[in-house]
Amino acid sequence: MPASKAKNLSSLFRTAVKTKITTTTAAAAATTSSSSTPAQDATLKHFVSSLDTSSSSSTASISNFIKRRYVKVKSPKSSSSSRSTKTSFSSSLPILNLDPLSDSEDSTKQLSREISSILSGGESLSSPDLQGADDGEDIAEKVLNIPWFSNLSHNHISLHRKELSRERKQKWVYKSSQGNRFNRLISMCGQKLGTETTIQVFGKLGRETGVKEYNALIGLCVQRVRRSDDEDVALEQIHMAFRLFESMREQGFQIEEDTYGQFLLYLIEMGMEQEFHFFCGVIGKDNPRSLPRLGYYEMLLWIGVNNEEKIQELCKYIVVDYGGDNSALRENYLLALCESDRKKELLQLLEIVDIMKLSSPNSVANIFRSLGRLSLESSAENFLMAFKNCNYEAENISNFISSYVVSVPNLAVDDVISKFKNFHAKLEVTPSSSSYAELITYCSDSLKVHAALDLVDEMCEVGLTLSIEVLHSILHATEASCEFNLVRRIYSVICRQDMTPNNETFRSMISLCVRMKDFEGAYGMLKDLEKMNLTPTANMYNAIMAGYFREKNTYGALMVLRKMELADVKPDSQTFSYLISNCDREEDIIKYYEELKHSGVQVTRQIFMALINAYANCGQFEKAKQVVSDKGIPVKNLNEIKSVLVSALASHGQMSDALDIYEEIKQSGSNLEPKAVISLMEHLQCDGELSRLLQLLKELKDVDYWVDGCCRLILYCVRYKHLSSAVDLLKQLKDVFCNDEMAMEVLFDEVFSQVGESEFTHLQIGLDLLQVIKDELCLSPSRKCLDFLLNACVNAKDLQSSLLIWKEYQAAGLPYNILSFLRMYQVLLASGDHKSAKNLLNKIPKDDIHVRCVIKACQTSYMTSKSAKGKKKNKVKRKG
C-alpha cells in the first residue's frame, strides 16, 4: 500500500483515538510492576515516557472503532466467502472446537475434501466442479484421519508420535521440501478460507492454535495489507492482526518478536505512528520483557518518519549513564541506528558506548556491518584491536572481521578477500569456519566462483569444517555465472572431504553436467548416489531429460524415461510436462496425458501450459484454446495459463487470436503475465502498432521486464522512424538506469546497429538520435555507435554526413583505429571521392593480411563498379 494511502488510513485511525494511546502501555506497566525487576522498571519507565503523549485510548475503544469500520467495509463477496461460518466481531478469535459437528464423520470427510481442494490449488468444495470428487480416493482425507492427539498412555506416546510422523511424511510431501511446510499450509488455507475459518479448521482437526499458527496468520495479514491499495481492506487486515494479538494474550501466550516484528515493520514502513504506539501497548501489556526490543522498533520508527527531535532524544538517553538497569534498551537503540546507517550519531555513540559489553556477538557483528557499509575502516580496526587486547574469543573476532569486510561497498571481491586476510594477519587471529563461510557466500553472491572455490581449498588445507550449505551457494553461483565445468571441482571437494550431500546437492550437480552437455557425467553421478546412501529422485532424471530436449535429442530424452522405470523412480508432473511440451504429434500428446492420469500424478499448471504449447507446436490452435476451459484449472492459476496461451498463439503467428484473449483478460480485471506481454511486443512488429505497443509497455510493472519491453519498443521506433517516441522512451530509460552510462551505452549500440544494418533511409534518424544523445541526454556516443553510423553512410553514399561523424570521434575523445579508418575509406570510395580515399589509404597500416583483404574488396567493389559505368557511358556516346 502506498505511503499516501497509509496516511489516509492513519488519519481514519486517529479519528477514533481521542486520548493517549500509550496510556495502555503505562497501564500494562502498572499491572506488572509487582513482578518486574528494577532493571525492567527502569527500562519500562523510559520506554513509556519516550512515546508520544498527545492522546490516549483504551484497547476496548480502539477495538470498537476498528470493529465498526470492519463491519462497514466488509463486502457481500467477502461475507459469502466465509461459507457457513459466522464471523465474530469480539476482540478475541473463536475458541477452537466450537462446532458440535466437529466429531461427526460426515463433517470430517467434508473438511478433508475441503483441505484437499485447497492444497491442490483448486476451488472450494462448494464449487460444482468439485462436488463429484471420490471420497475414498482423497489423499487429504487419509492424512487428516490420522489423529493429532491420542488417548495413549504416556509410556507409548513418544513412539506413537514417531510412527504418525513417518506416516504423514509418506502420505504427504510438498514439492518444495526446503521450505517451511507448515507456513505454506497456513498461507494456502488462509488465502482460500480466510483467517478465522482457518483457525476453526484447525479446531476441527483437534489441533490447538499455538504460537506457530498465530505467527503464520499474522504474517498473512501483513502480506495482504502490503499487497492492497484499498484503505478499507488494509484496515480490515490491521483489525484482524489486532484480534490475533488479543487472542494470543487471552490464551496465555506471550507475544514475542517472531510474532510482532513483521507487523511493526509494516507500520514503520507506512509511517503510522499512533498505530505503532497502540500495538506496542498491546504487545507490552503482558510481556514487559519485550520492552527493550520494542525500543529497537521505536528508533526505526523515528528514523523512518525523519523525526530528528525524537532521534536525538533517544541518542541522549543512550549516552546518559543509568548503570546496568537500562543496558538492554540502550543496546537496541544503538542497533537500530546501525541498521539505518546514521553515520553522525553512530560515531558519536561509539566513542561513549563500550561495545564489548553488548549482550551478544551478533549485536557486535551488526555494528561491524554498519561500519563496513559506512567505510569506517579506522574505527573498525580500533575496535578489533580492543577485542584482541582484552582476550576476546578468537572465533568471534574472526566473525567480526568477515562481517566488516563483506559490507564495504564498491569493493572488488579480490580486495575484500585481501582485506579479510590482512586483518587476520595483523591481529594474529586464525580465520574461523563461520567467517570463511560468510566470505565464500559473499563471493558466490558476486558470482566469483573461482575465488569461492579457492577459499574452500584454503579451509580444507587448514582442517576447518565445510558445510554442505556453503557448497550449495557455490553451486547456485556456478549455474548463474554459466561456469558449468566447475561442477567437477565442486564434486571433487565433496568426495575428498567425505561430505554428506543431499538430494538437492546431486540434483544441482547433475543439472550443471547437463548444461555443459556432459550426459555421461550426469549419469555417473546418478550411479554414485548409492555410495552416498541416497535414492535417485524424479527431479534428478528431469534435469537430464530437459537437457536432451534442449539438444533436440528426443531419443535420449525417452531413454531417460526408460532408465527411470528401471530404477523404480516414478515420473512426476514435471516429467510429463517435458514429455508433453516436446511432442510434435497430436497422438503423442494424448498418449502422455493418458499415462499421466493413469499414474495418478496431479495435473498441475505446468501440465496445462505444456498442453497449450504442444498443441500450438502441432498447429492445433483450437485445441490449445480449449485447454483454458478445463474445469480442473485452479482459479488462481487461470490467468497465468491464459497468458501462456497468448504467448503460444503470438509466437505461432496467430496474433489476432492472441490479442482477443489479451482483451478478455483485461476485461476480466486481470493483467497479462509479463512474459506474455513481452511475447506480444516481440511479435507485434508491423508498422502502425505504436499505440498498442505503448499500452503494452504500461502493463509491465516489474522493472526488469519494463526495461526489456522499453528496449524492444525503442528499436521498433527506430525501425519505423518514430523519432519523438524513441526520444521519450530513451529519457524514461535513463531515469530508470539512474545515469548508469554503461547500461545506456549497451542500448545505444543495439539501436545504432539497427541503423547501420538498415537501408540508407535510416541514416537521418540515426543522426537525429546522435544529436539527442549529446544535447538532451548529455551523454557521449560510444565508438560502436559512430562505427555503425559510418556504415550507414556507406549504404547511403553520403559523404557530407560521414565527414560530420568523422569529427565526432575526436569530440568524444575516441582516437581513430584501424576499423574507423577502413569504414571511412569505404565511405569515400562509395561516395566517389577517390582523391580523399587515396590520401586516407596512405594512413592505414597494411601489415595485417586481413586489412589488406578488406582494402582490396573495397577497391574491387567500388572502383570496378565506377569503371564499368564509365565504359557503358562511353559506349552510349559512340552509338550516338
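In this text the structure is predicted, and so the values were computed from the model without any measurement.

### Some thoughts on the overall build of the protein
Line of reasoning, step 1. Scanning the protein from terminus to terminus reveals 47 helices and zero strands.
Line of reasoning, step 2. The long-range fraction of contacts in the protein, counting pairs at least 24 apart against all pairs at least 6 apart in sequence, stands at 67%.

### Description of the nonpolar core
Line of reasoning, step 1. In terms of nonpolar packing, the biggest core is built from 242 residues, with L264, M299, F368, I544 and L680 touching the most fellow members.
Line of reasoning, step 2. Top element by residues in this core is helix α39 (residues 703–719). It accounts for 10 residues.
Line of reasoning, step 3. Those residues within four positions of M299 in sequence are excluded, and the remaining contacts are I311, L314, C315, I318, Y333, A336 and L337.

### Here's the deal with the UniProt feature "repeat: PPR" (unreviewed entry) in the protein
Line of reasoning, step 1. If you check UniProt for "repeat: PPR" (unreviewed entry), the listed places come out as residues 502–536 and 537–571 in our numbering.
Line of reasoning, step 2. The span residues 502–536 shows a helical share of 66% and a strand share of 0%, and its end C-alpha atoms are spaced 10 Å apart.
Line of reasoning, step 3. Taken end to end, residues 537–571 has its terminal C-alpha atoms 9 Å apart, with 74% of it in helix and 0% in strand.

### Focus: helix α20 (residues 377–389)
Line of reasoning, step 1. Counted at 1.5 Å a residue, the expected span for α20 with its 13 residues is 18 Å, and the 18 Å between its end C-alpha atoms agrees.
Line of reasoning, step 2. For α20, the set of buried residues is S379, A380, F383, L384 and F387. For α20, the angular spread of buried residues about the axis comes to 130 degrees, placing them on one side. Facing away from the buried side of α20, by more than 90 degrees, are the exposed residues S378, N382 and N389.
Line of reasoning, step 3. Contacts made by the buried residues of α20 are with α18 (343–350), α19 (361–373), α21 (394–405) and α22 (413–427).
Line of reasoning, step 4. Positive phi appears at N391, one or two residues downstream of α20, with a value of about 60 degrees.

### Details of the environment of I355
Line of reasoning, step 1. Mapped onto the secondary structure, I355 falls in the loop between α18 and α19.
Line of reasoning, step 2. According to the relative accessible area criterion, I355 is buried, its value standing at 2%.
Line of reasoning, step 3. Sequence separation of I355 and F387 is 32 residues, and the distance between their C-alpha atoms is 9.5 Å.
Line of reasoning, step 4. In this view, I355 contacts L350, V364, I367, F383 and F387; residues no more than four positions away in its chain are not counted.

### Details of the pattern of salt bridges
Line of reasoning, step 1. What the rule picks out here adds up to 32 salt bridges.
Line of reasoning, step 2. A salt bridge links E313 to K310, with the nearest nitrogen and oxygen atoms 4.0 Å apart. One end of the pair is E313 and the other is K310, both in helix α16 (residues 308–319) and three residues apart, which spans about a single turn.
Line of reasoning, step 3. Of the residues examined, K310 reaches a relative accessible area of 18% and is grouped as buried.
Line of reasoning, step 4. In this structure, the salt-bridge partner of K774 is E808, at a minimum N-O distance of 2.7 Å. Here the residue K774 occupies a position in helix α42 (residues 763–775), and E808 occupies one in helix α44 (residues 799–811), the gap between them amounting to 34 residues.
Line of reasoning, step 5. Note on E808: relative accessible area 13%, which makes it buried.
Line of reasoning, step 6. Bridged by salt links that share partners, the residues D454, D457, R489 and R496 form one connected network.

### A few points about the packing of aromatic side chains
Line of reasoning, step 1. All chains considered together, the criterion is met by 25 aromatic pairs.
Line of reasoning, step 2. Summarising the aromatic geometry, the rings of Y214 and F253 are spaced 6.2 Å apart at their centres and angled 65 degrees between planes, so their arrangement reads as edge-to-face. Of this pair, Y214 sits in helix α11 (residues 211–227) while F253 sits in the loop between α12 (231–250) and α13 (257–270), and the two are 39 residues apart along the sequence.
Line of reasoning, step 3. Judged by centre distance (5.3 Å) and plane angle (10 degrees), the rings of F368 and F400 are stacked. With a gap of 32 residues between them, F368 in helix α19 and F400 in helix α21 connect regions that are remote in the sequence.
Line of reasoning, step 4. Above the plane of the ring of Y296 lies R293, whose end atom (NZ or CZ) is 3.9 Å from the centre.
Line of reasoning, step 5. Directly above the ring of Y523 sits K563, whose terminal nitrogen or CZ lies 4.9 Å from the centroid.

### What to know about the side chain of D787
Line of reasoning, step 1. Within the fold, D787 resides in helix α43 (residues 783–796).
Line of reasoning, step 2. The class of D787 is buried, set by a relative accessible area of 8%.
Line of reasoning, step 3. One polar contact links D787 to Y809, side chain to side chain, over a distance of 2.4 Å.
Line of reasoning, step 4. Setting aside chain neighbours within four positions, we find D787 in contact with Y809, S820 and R823.

### Some thoughts on the side chain of E331
Line of reasoning, step 1. Here E331 shows up in helix α17 (residues 327–340).
Line of reasoning, step 2. Despite being buried, E331 has no salt bridge partner; R293 is the closest side chain of opposite charge, sitting 7.2 Å away.
Line of reasoning, step 3. Side chain to side chain, E331 and S363 meet in a polar contact 2.9 Å long.
Line of reasoning, step 4. Setting aside residues up to four positions removed in sequence, E331 forms contacts with L358, S359, S360 and S363.

### Points about the environment of P501
Line of reasoning, step 1. For P501, the position within the fold is in the loop between α26 (487–496) and α27 (503–515).
Line of reasoning, step 2. Sequence separation of P501 and I468 is 33 residues, and the distance between their C-alpha atoms is 6.4 Å.
Line of reasoning, step 3. Apart from the residues within four sequence positions on either side, P501 is in contact with I468, I494, F506, M532 and L534.

### Concerning the packing of α42 against α44
Line of reasoning, step 1. Between α42 and α44, the shortest axis-to-axis distance is 12 Å and the interhelical angle comes to 30 degrees. Here α42 lies roughly parallel to α44, going by the angle between them. As α42 runs across α44, the sense of the crossing is left-handed. In this structure, α42 uses L763, L767, L770 and K774 to contact α44, whose residues at the interface are S801, I805 and E808.
Line of reasoning, step 2. Split into classes, the residues belonging to the contact of α42 with α44 amount to four nonpolar, one polar and two charged.

### Quick notes on the packing of α12 against helix α14 (residues 273–285)
Line of reasoning, step 1. Packing of α12 against α14 leaves a shortest axis separation of 10 Å and a crossing angle of 15 degrees. Classified by the angle their axes make, α12 and α14 are roughly parallel. The interaxial crossing formed by α12 with α14 has left-handed handedness. Across from I238, F242, F245, E246 and R249 in α12, the residues of α14 making contact are F278, F279, V282 and K285.
Line of reasoning, step 2. Broken down by class, the residue content of the contact of α12 with α14 amounts to six nonpolar, no polar and three charged.

### Focus: helix α29 (residues 538–550)
Line of reasoning, step 1. Taking 1.5 Å per residue as the helical rise, α29 with its 13 residues ought to reach 18 Å, and the 18 Å between its terminal C-alpha atoms agrees with that figure.
Line of reasoning, step 2. Considered for burial, the residues of α29 that qualify are A538, M540, Y541, N542, A543, I544, M545, A546, G547, Y548 and F549.
Line of reasoning, step 3. Those residues of α29 that are buried are in contact with α27, α28 (519–528), α30 (554–566) and α31 (573–581).
Line of reasoning, step 4. One or two positions beyond α29, positive phi appears at K552, with a value near 60 degrees.

### Considerations on the confidence of the model for the protein
Line of reasoning, step 1. Mean pLDDT for the protein: 78, with 73% of residues reaching 70 or above.
Line of reasoning, step 2. For residues 12–36, every residue scores under 50 in pLDDT, and the model assigns this stretch 60 contacts once sequence neighbours within four places are set aside.
Line of reasoning, step 3. Contacts for the low-pLDDT stretch residues 52–105, under 50 throughout, to residues beyond four places or in other chains number 99 contacts.

### Quick word on unusual backbone geometry
Line of reasoning, step 1. With a phi close to 60 degrees, N391 is a non-glycine residue in the positive phi region.
Line of reasoning, step 2. Relative to the assigned elements, N391 resides in the loop between α20 and α21.
Line of reasoning, step 3. Even without glycine at this site, K552 takes up a positive phi of about 60 degrees.
Line of reasoning, step 4. Here K552 lies in the loop between α29 and α30.
Line of reasoning, step 5. Looking at K552, the relative accessible area reads 71%, which means it is exposed.

Reading guide: rules and limits
- Residues numbered from 1 in each chain as written.
- Predicted model: local features only at pLDDT ≥ 70, side-chain atom pairs only at ≥ 80, totals over all residues.
- Heavy atoms only, no water.
- Helix = DSSP H or I, 4+ residues; strand = E, 2+ residues; numbered from the N terminus.
- Contact = heavy atoms within 4.5 Å.
- Core = buried A, V, L, I, M, F, W, Y, C linked by side-chain atoms within 4.5 Å.
- Buried < 20%, exposed > 50% of the residue type's maximum accessible area, 1.4 Å probe, protein only.
- UniProt positions renumbered as here; feature names shortened; annotations may be inferred.
- Expected span 1.5 Å × (residues − 1).
- Arc of directions from axis to C-beta.
- Salt bridge = Lys/Arg side-chain N within 4 Å of Asp/Glu carboxyl O.
- Phe/Tyr/Trp six-rings, centres within 6.5 Å; stacked < 30°, edge-to-face > 60°.
- Lys NZ or Arg CZ within 6 Å of the ring centre and 35° of its normal.
- Polar contact = N/O pair within 3.5 Å; in protein donor to acceptor, adjacent residues only side chain to side chain.
- Lys, Arg positive; Asp, Glu negative; His and termini not counted.
- Axes fitted to C-alpha atoms, helices over the stretch in contact; angles between N-to-C directions.
- Parallel < 35°, antiparallel > 145°, perpendicular 65-115°, else oblique.
- Left-handed = near helix turned anticlockwise from the far one by under 90°.
- Nonpolar A, V, L, I, M, F, W, Y, C, P; charged D, E, K, R; others polar.
- pLDDT = per-residue confidence, 0-100.

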